[in-house]
Structures are given as C-alpha cells and as structure tokens.
Amino acid sequence: MVRFTGAAAGLSLASVALSSPFQGQLYARQNASTPCAQVSASAAAQKSVPTPTVAAELAYECITSVPFNQTAALALVDGVVPYFKWQSNTAFLKDPPAEYAEKVQPAVDIWGELEKIRGKVVGGEYENEYEFGFELYVLLQSTHDGHFVYVPDVIGTVFNFARPVPLVSVSADGKELPKAYVYADVLAESFGNATFSSSPITKINGEDAQAYLENWAQYGSLQDRDALYNNVFYELATVSLGPAGSGIGTFAGSGRGRWVYPNATTELEFENGTSTFYQNYAKVLIPFDGITDGEALYKTWFTGNQPTAATPTPSPSNVTSSAISSATASATVAPIPAPGYPPPVVREAHNLIGGYYLEDDYSDVAVLSVPSFVGISAQEEFQGTAAMFLAAAKAAGKKKLVIDVSANGGGTILLGYDLYKLLFPNDIDHAAADRFRAFESTDLLGQYFSRTAAGLPRELVTEEQNETLYELTDAVVSSVFNYQSDESVNGTYFVNWADKYGPLVHQKGDNFSDLFRWNLSDVLTPLNSGGIYIHGYGPLSNYTRQPFAAEDVVVVTDGYCASTCTIFSELMRQRAGVKYISLGGRPREGITQAVGGVKGTNNLPWTYIQSLAQFTVTNLTESAEEAAKLNSTELGEYWSDTVFDRLAIGSSVNINFRDGIRDGDETETPLQFVYEPADCRILYTKQMTIDVTAIWKAVADTTWGGRSHCIAGDLGGYPTGSKLAKRELSVHEKSLSRRMHQWRRELREQDYPLDVFTNLREAKLGGDGIMWP
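Residues numbered from 1 in each chain as written. Predicted model: local features only at pLDDT ≥ 70, side-chain atom pairs only at ≥ 80, totals over all residues. Heavy atoms only, no water.

Asker: Please provide a residue-by-residue account of the overall build of the protein, values included.
Answerer: Scanning the protein from N- to C-terminus turns up 27 helices and 27 strands. In terms of principal-axis extent, the alpha carbons of the protein reach across some 80 × 65 × 50 Å. Out of the 773 residues belonging to the protein, those deemed buried represent 63%. In the protein, of all internal contacts separated by at least 6 residues, the share reaching a separation of at least 24 is 78%. With the model as given, the accessible surface of the protein reaches about 27200 Å², and the carbon-plus-sulfur share is 50%. In the protein, which carries 57 positive and 88 negative side-chain charges, the distance between the mean positions of the two groups comes to 6 Å. (Helix = DSSP H or I, 4+ residues; strand = E, 2+ residues; numbered from the N terminus. Buried < 20%, exposed > 50% of the residue type's maximum accessible area, 1.4 Å probe, protein only. Contact = heavy atoms within 4.5 Å. Areas by Shrake-Rupley, 256 points an atom, 1.4 Å probe, with all protein chains shown as cover. Lys, Arg positive; Asp, Glu negative; His and termini not counted. Charge placed at Lys NZ, Arg CZ, Asp CG, Glu CD.)

Asker: Kindly report on helix α3 (residues 56-63), identifying the contributing residues and their values.
Answerer: Burial in α3 covers these residues: Ala56, Leu58, Ala59, Cys62 and Ile63. Each buried residue of α3 sits inside an arc of 160 degrees when the element is viewed along its axis, so together they form one side. (Arc of directions from axis to C-beta.)

Asker: Before we move on, can you summarise the packing of aromatic side chains with the specific residues and values?
Answerer: This model, assessed by the stated rule, comprises 45 aromatic pairs. When the ring of Tyr298 is compared with that of Phe302, the centres are 5.7 Å apart and the planes differ by 90 degrees; the resulting orientation is edge-to-face. In this structure, Tyr298 and Phe302 share a single accessibility class: buried. Geometrically, the ring pair formed by Tyr420 and Phe424 is tilted, given 6.1 Å between the ring centres and 40 degrees between the ring planes. (Phe/Tyr/Trp six-rings, centres within 6.5 Å; stacked < 30°, edge-to-face > 60°.)

Asker: Would you mind going over the sheet that holds strand β2 (residues 53-55) in detail, with residue names and values included?
Answerer: Strands sit in the order β2-β12-β5 across an open sheet of three strands; the sheet is antiparallel. The sheet terminates laterally at β2 and β5 (159-162), the two strands that pair on one side only. Across the sheet, the mean angle from the axis of one strand to that of its neighbour is 30 degrees, orientation sign disregarded. (Pairing = 2+ DSSP bridges. Axes fitted to C-alpha atoms, helices over the stretch in contact; angles between N-to-C directions.)

Asker: Which residues make up the pattern of salt bridges, and what values go with them?
Answerer: Two side chains of opposite charge can pair, provided their charged atoms sit close to one another. Taken as a whole and assessed by the stated rule, the structure comprises 36 salt bridges. Asp95 is paired through a salt bridge with Lys508; the nearest N and O atoms lie 3.1 Å apart. Of the two residues, Asp95 is situated in the loop between α6 (90-94) and α7 (98-103) and Lys508 in the loop between β19 (505-507) and β20 (510-512); the sequence distance between them amounts to 413 residues. Take Lys508: its relative accessible area is 40%, and that puts it in the partly exposed class. (Salt bridge = Lys/Arg side-chain N within 4 Å of Asp/Glu carboxyl O.)

Asker: Lay out unusual backbone geometry in plain terms, naming residues and giving numbers.
Answerer: Glycine aside, residues mostly have negative phi angles, and peptide bonds mostly take the trans form. If you check the backbone angles, Asn263 has positive phi at about 75 degrees while not being a glycine. We note that Asp486 has phi near 75 degrees; this positive angle belongs to a residue other than glycine. Its place among the elements puts Asp486 in the loop between α19 (467-477) and α20 (497-501). For Asp486, a relative accessible area of 5% puts it in the buried group.

Asker: Please give an account of the side chain of Glu348 that cites residues and values.
Answerer: Tracing the backbone through its elements, the reader meets Glu348 in the loop between β14 (346-347) and β15 (354-357). Lacking a salt bridge, the buried Glu348 has Arg347 as its closest oppositely charged neighbour, with an N-O distance of 7.7 Å. Only 2.8 Å separates the side chain of Glu348 from the backbone nitrogen of His350, close enough to count as a polar contact. (Polar contact = N/O pair within 3.5 Å; in protein donor to acceptor, adjacent residues only side chain to side chain.)

Asker: Just give me the short version of the UniProt feature "domain: CPAF-like PDZ" (unreviewed entry) in the protein, but keep the residues and values in it.
Answerer: Sites flagged by UniProt as "domain: CPAF-like PDZ" (unreviewed entry) map to residues 160-288. Along residues 160-288 one finds 22% helix and 25% strand; the C-alpha atoms at either end are 15 Å apart. (UniProt positions renumbered as here; feature names shortened; annotations may be inferred.)

Asker: Lay out the side chain of Ser240 with the relevant residues and their values.
Answerer: Here Ser240 is to be found in helix α14 (residues 236-240). Polar contacts involving the side chain of Ser240 include one to the main-chain carbonyl oxygen of Ala237, which spans 2.7 Å. Setting aside anything within four residues of it in sequence, one finds Ser240 in contact with Ile336, Pro337, Ala338, Tyr341, His350, Asn351 and Pro371.

Asker: I'd love a proper account of the state of the cysteines, names of residues and values included.
Answerer: Scanning the model with the defined rule gives three disulfides in all. Disulfide pairing is shown between Cys680 and Cys710; the S-S distance is 2.1 Å. One quick way to see it: the torsion about the S-S bond of Cys680 and Cys710 is about -110 degrees, and its sign makes the bridge left-handed. Of this pair, Cys680 sits in strand β25 (residues 680-682) while Cys710 is found in the loop between α26 (693-705) and β26 (712-713), placing the two residues 30 residues apart along the sequence. In this pair, the class of Cys680 matches that of Cys710, namely buried. Ordinal numbering of bonded cysteines along the protein defines a disulfide pattern of 1-2, 3-4, 5-6. (Disulfide = S-S within 2.5 Å.)

Asker: Would you mind going over the packing of helix α17 (residues 413-423) against helix α22 (residues 564-575) in detail, with residue names and values included?
Answerer: Taken N-terminus to C-terminus, the directions of α17 and α22 make an angle of 30 degrees; their axes are 8 Å apart at the nearest point. Taken together, the axes of α17 and α22 are roughly parallel relative to one another. Where α17 crosses over α22, the handedness of that crossing is right-handed. Contacts from Ile413, Gly416, Tyr417, Leu419, Tyr420 and Leu423 of α17 reach α22 at Thr564, Ile567, Phe568, Leu571, Met572 and Arg575. (Parallel < 35°, antiparallel > 145°, perpendicular 65-115°, else oblique. Left-handed = near helix turned anticlockwise from the far one by under 90°.)

Asker: So what's going on with the pairing of strand β16 (residues 365-369)? Which residues, and what values?
Answerer: By the criterion of burial, β16 is predominantly enclosed, with five of the five residues buried. In β16, alternate side chains face the same way, and those of Val365, Val367 and Ser369 on one face and Ala366 and Leu368 on the other are all buried. Pairing between β15 and β16: four bridges, direction antiparallel. Note that in β16 the partner of Gly354 across the bridge is Ser369. Two strands pair when backbone bridges link them, and β16 and strand β17 (residues 400-404) are joined in this way by five bridges, in the parallel orientation. Bridge assignment links Ser369 to a residue of β17, and that residue is Asp404.

Asker: So what's going on with the environment of Arg258? Which residues, and what values?
Answerer: One can find Arg258 in the loop between α14 and β10 (265-270). Classification of Arg258 by relative accessible area gives buried; the value is 5%. The spatial distance from the C-alpha of Arg258 to the C-alpha of Asn351 is 23 Å, given a sequence separation of 93 residues. Setting aside anything within four residues of it in sequence, one finds Arg258 in contact with Phe159, Asn160, Phe161, Gly253, Thr758 and Pro773. Engagement of the side chain of Arg258 in a polar contact is seen with the backbone oxygen of Gly255, the distance being 2.5 Å.

Asker: A description of the confidence of the model for the protein should follow, citing residues and the corresponding values.
Answerer: This prediction gives the protein a mean pLDDT of 90; 90% of its residues lie at or above 70. For residues 1-32, every residue scores under 50 in pLDDT, and the model assigns this stretch 80 contacts once sequence neighbours within four places are set aside. The low-confidence segment residues 308-333, where pLDDT is below 50, has 82 contacts with residues more than four positions distant or belonging to other chains. (pLDDT = per-residue confidence, 0-100.)

Asker: Break down the packing of helix α8 (residues 110-122) against helix α9 (residues 129-141) for me, with residues and values.
Answerer: Packed helices, taken two at a time, are described by the angle between their axes plus the distance between the axes. Their axes nearest at 10 Å, the elements α8 and α9 cross at an angle of 175 degrees. The angle between the axes of α8 and α9 places the two elements in the roughly antiparallel class. Where α8 approaches α9, its residues Ile110, Glu113, Leu114, Ile117, Lys120 and Val121 are matched on the opposing element by Phe132, Glu135, Leu136 and Leu139. Considering only residue class, the contact of α8 with α9 consists of seven nonpolar, no polar and three charged. (Nonpolar A, V, L, I, M, F, W, Y, C, P; charged D, E, K, R; others polar.)

Structure (structure tokens):
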C-alpha cells in the first residue's frame, strides 16, 4: 500500500514545520512532586502485576501536579485547527434544529469555545496541564459526535480511572420504570448465592441516584441521552466485545468513563437503608521508573519523545492509504468471553457477529447478533459468517429473524451495506446521500487526485501485475477525491471534479459539497470494503433470493448503534421498512430512540488527513515550483506533528468527514440532527442481564407472539395475527432445546467478568465508519 508520508521525504519542506514547542517555561506548583513519587513507588512494588493500580485520589493529585507549559499548549491548540476544519457539522452543532436541541443535546460552538481555550492559554490561566487537557478533550466530547475525538496525552496516556462496582439498570417486572442495582448483587441473587434480595440504589455520594447517573452519562460520546444512560451500565453485548468495546460500563471506568476522575470514593445508599463505601482507583498505564514529580512526568511523556517501552502512538509514518478503507482488530492474548450468550450456530472468533437459534416455543426464531461491523484483518470472515448463518437458518426452517445490534459502534461501511443486501437483495441499494464540508483543503485534494486519476485505468490491478499502478489505484483512483468515484443522487456519473464538488450547498454560514452515493457496482469496491464484493454485485451478482420477508425481521438495539450501524439502520428502516425496538433508557416514561450514536457516514483519522495533504504536495505535483505554490495554500498547514506527539497512546484521533442526507429531505439536514423514535421500547429486567436470550424472547413475543413487552410505542404494520408456532419439534430442534437447557443450568456467577475494561492498546480498531469507545 502507498505510505503517503513516506513519499513526502522526497521534497525538502523542513522549513514549513513548526519549531519544537516544548522549550517554553513550565509553570510548576509547590510540592507537586510528592504524589507522582508515591505513584512511582507503588507501581515499582507491583512488578508482577501487568497493570499496577493506585488510589484514584493519588493518581489525580499526580496528574494535576504536571506543570502547565504555555508554549506547548498554544502549539497544540493552534495545531488542531486544520483538522477541525474537516469536521462536517460544526455549523449545525452551533445552530441545531429545535427538536434536536430540545430532545437530544444543546448547541455547541466549536470554534467559539476553542477560541476561549486559546485565550486562557495565552493568558496563562490554567493551573496545570491536566486542567488544560481536560478542557480541550471535553470540548470535542461535548459534541456527542463519536467521530469527533482528540484525547490529549495528559488525559489518556498515564492513568485510566475506575470504580470497583459495575451497575445495572433494570425493571422489576418489565413494566415498572428501571432502577439501578449493584451487578454483583444481582448475580448473587440470580444464582442463589445470596441470603438477601438485591436492593435498588437510591443515592450516590449523597445525590439522588437517577440524577447522578444521568449527569455521569453525559460524559459519553453518544448523542441520545437514553443510549448514554444504557452505556453507564453492565451489558452483555458490550462485555462480549472485550477490550474493544465499552466493557462493564462508564460508571465502572470503561468506555469514555476511563478518562473522568470519579472522586476518591463512591458511596452507595440503598432502598433498604444500608450503604456501602468503595475506594476508587486508577490503572497506571506507563512505566513510572524515575518519575519523581509532575515536571519529570511531563518531560518524559508529554514532549513527543516517549520511552520506547511504550506502545507507539499512531503516527503519519504508519498510516497507509487503506486506513479509511479497511477495519481491523487485533486479537487479545486470551479468548474473549461472551458471558450470557448461548451456544452459537456459527460465531466469528471475536464475537463481532454470531448466529443463534432459540428453543422450545421459540424454535421458529433465528437470531443474528451483530455488536460490531469491524472485521478481523480482512472482512471476509464477517461477511462469511453472516451469509453462512442466514443460509443455515433458512435450511433449518426458521421463519423469523431477530437482529441484535446492541453495542454496535460501527465499522467498515460497506459491510453494513453487504448485510442489508444479504437480507434484501432486491431492494433499493443506497442509504442516505453523502456530502462533506467544502473548503480549500478538500477542493485542492479533489483537483489533484482527479487530475492524476484521469490518466489511470479504473480497474483492479494486483501488486504482482504492476506494483506502482496497484498503489496508485488504491491511493488515488479509488479515493472519494477522484470525481470518478461514487455517483450522483440521480444515479449518474460526475463529469469532472467541479461537478462533484459543487454546486455548493450553503447552509448556516457554511459550504458543503454536492450530494453523492456509493456506487456498489464499482469494480474497485473491494478496495473500499476491506477486500469483499457486495452481495448482488460483481462476482456475487447472482445473489437474488431474499431469505426473510420484512415483516419476519425485527431489529433490537440498546441505542449504542453508531456510524456504520446507523447506515445499516437507515437502509433497514427507510428502504426495507423493518421495525426497530429500543432497550432500556432513563427511568422515564415514553418512547426512546433506537439509533443513539453518531449518524455521520464516514470518519477520517487526522493521520490520514495529514498524509493526504503531504502526498498531494510531494507526489501529485509536476514540478518543484508547483509543489511550492501548492504548499503555500491550506495544504501547507499539515506538516507539524504536534497534535500527534501530544495524543494519548492507544486513542483515536478523528473527525466526521461525511454527513448523511435522507432522500427527499429538502432541508438537507444531516441525519445526526434528525430525531427518530423507535417503534417500541422494552425495559431490561434482571434476567436480561444474565441471559441474553431473555431479550430475544421478549422481542419475539412482542413482534410475533402476541405478548407485547412495549412500555411505549408499538409494532403496528406487522401482521397481528402471526403467532410463534407451538408445534411438534423436529429431532434437531429437540436436541437444540436440550443443549440450551443444559447451558442455562451450567451458568455460574463466576462466568460474568467484572473487570472487562476498554483497552485499545491491546485491541486496536481501524475503520472507515466506527465510533471508538
């Protein structure tokens, strides 16, 4: 693959890079070294522990003793500006539709707030580096756009915070509004190992529990408040993803909760009059050898010269052109457990997709669990698992299909399209149209990529056939910045870059490109899908048989559905008419949204953006004079590595590049800002936190069994006379039922890990449409 910045070495542009920003004065606090020295001593005493831990309060005192470097902070604030320009929806964030502001999230002025931070940096108003870094992190997080993220080193490199107590939010009977419980108490009660009944939590640190948890939920990256609330708690779907997911919930210190200081202790008061104190803690993520104070911590870890023992931060030198066209997740050392999941018919090795059959009276029901659209190394295994299961389910005589996309933060965009086309091969093949922010950088890239691509064939070329042409096809010809990629909303091809780039759409004081769609018939589809063809196209064009009627399919979600999952949902709901059921939510009456994550249709890593700019200047120009001229434009703003040097190890650094615009929406409002209630809302029960089939059976009851579990909404439009068949089971179905009963009898309390934390240093994600936890 083409390494964009590797090619940049051919042109001498050293003069455009910023000088080192780390020579400014360090503003130290008195006695700042003591907490970090204590952390160092404690970590040294835990040599046999893979990840040492210290008291949360001590970690917080250490990290807040890191002195504020005004010069470096200014370089970082100015360094993010070129990348912020790529964020597609800053104008809509500042001035969102009234319904969005009322029901989802308030307005956020990204540029105005960044200017305030810059003013405080210039004025030397920050007490320490952490205060500055946290304010910068929260600025992006407050948009609740999971594609828009930057985690400074001071926030994510040194410590992750945690509480030793995951919670669940459950209804007593499926109708009563949910209450929060300690999950360990629910487990003990469920398996008969407790001499007490679990009691609801009434107060947390002296505050009403519901108010506290709703406020804490807002630290998450989802947009919908009910989905955010679900993400606070232990959920089987998120736990099944292991360190690549949101783990045991943000309250316990997984997902986005790992970056927020939870105070020294947590006190829980219960409805039965008892209370419990917990000591909060922090995981020490880096070697603390020789760290004597906050200033030493800064000089060792926050200057871009981190010790080689650390896991390297993603940088331009290791980003290839495939960074936005593939999705990978590296295997962890130990197998990832899927607690509460039954024996599968077929399941991808990392639990990213799996097929199941239900038993007894539910023997007509098949379940496809899809907690991620991210593949392992390549996408064939994901696609193969889906295709194999759907074929097997039909062959086994299954009549109903439940699709569970709980915990799905997205993944490879065209895997979402492929799953839809597996289900509905003859329906409309496009979701919402795409567009991106139109400004100088995107226009220049399009001009130069299109000019270069015009002289190259649009065909798949193997590396063995012609290495240079292979690399150019992958890097340039298949790119969105080549006007020949994609098609217009009318199904026609663009005639040149100006045709694709404009006419510009002007909204809320900003400019946007013309609308375009994926061309699934494109011969270069495998380069944008991680190596697969979409069912119904190319070599798979003979796939035309629909496995289930739309009324025999239902989708259930915890609201985490984001990115590629929202593209899949747009196809399923708007094109196929499939109904959606939302789970859980805040302890309030009424319907909730089924799709609560970012609805942007494509994220881009900042490393890839930098590579695009540098590659264009150095490789797509025809003379040194032309390169120098191009470098004097906005494309010359991407040479500094400051933002990457100051990025937390193992964290993502992205913007939302494309907005989705629904067909027929004359207002052209990005789907991110469109409120969409689910068709039905079902509450979690205690059993659903132990056995995921309890969720699937409630969904099947509600959709086809004539026993509604909806507390709001309904599934009107589905055949009301349809019943789940009570019939004589086949030999294979009886065997499955026995196996399911045996699995349930063998469940044990210890099967449910309480220490599954987000750790992307071990499980790295990469994708063109994913929201990092």
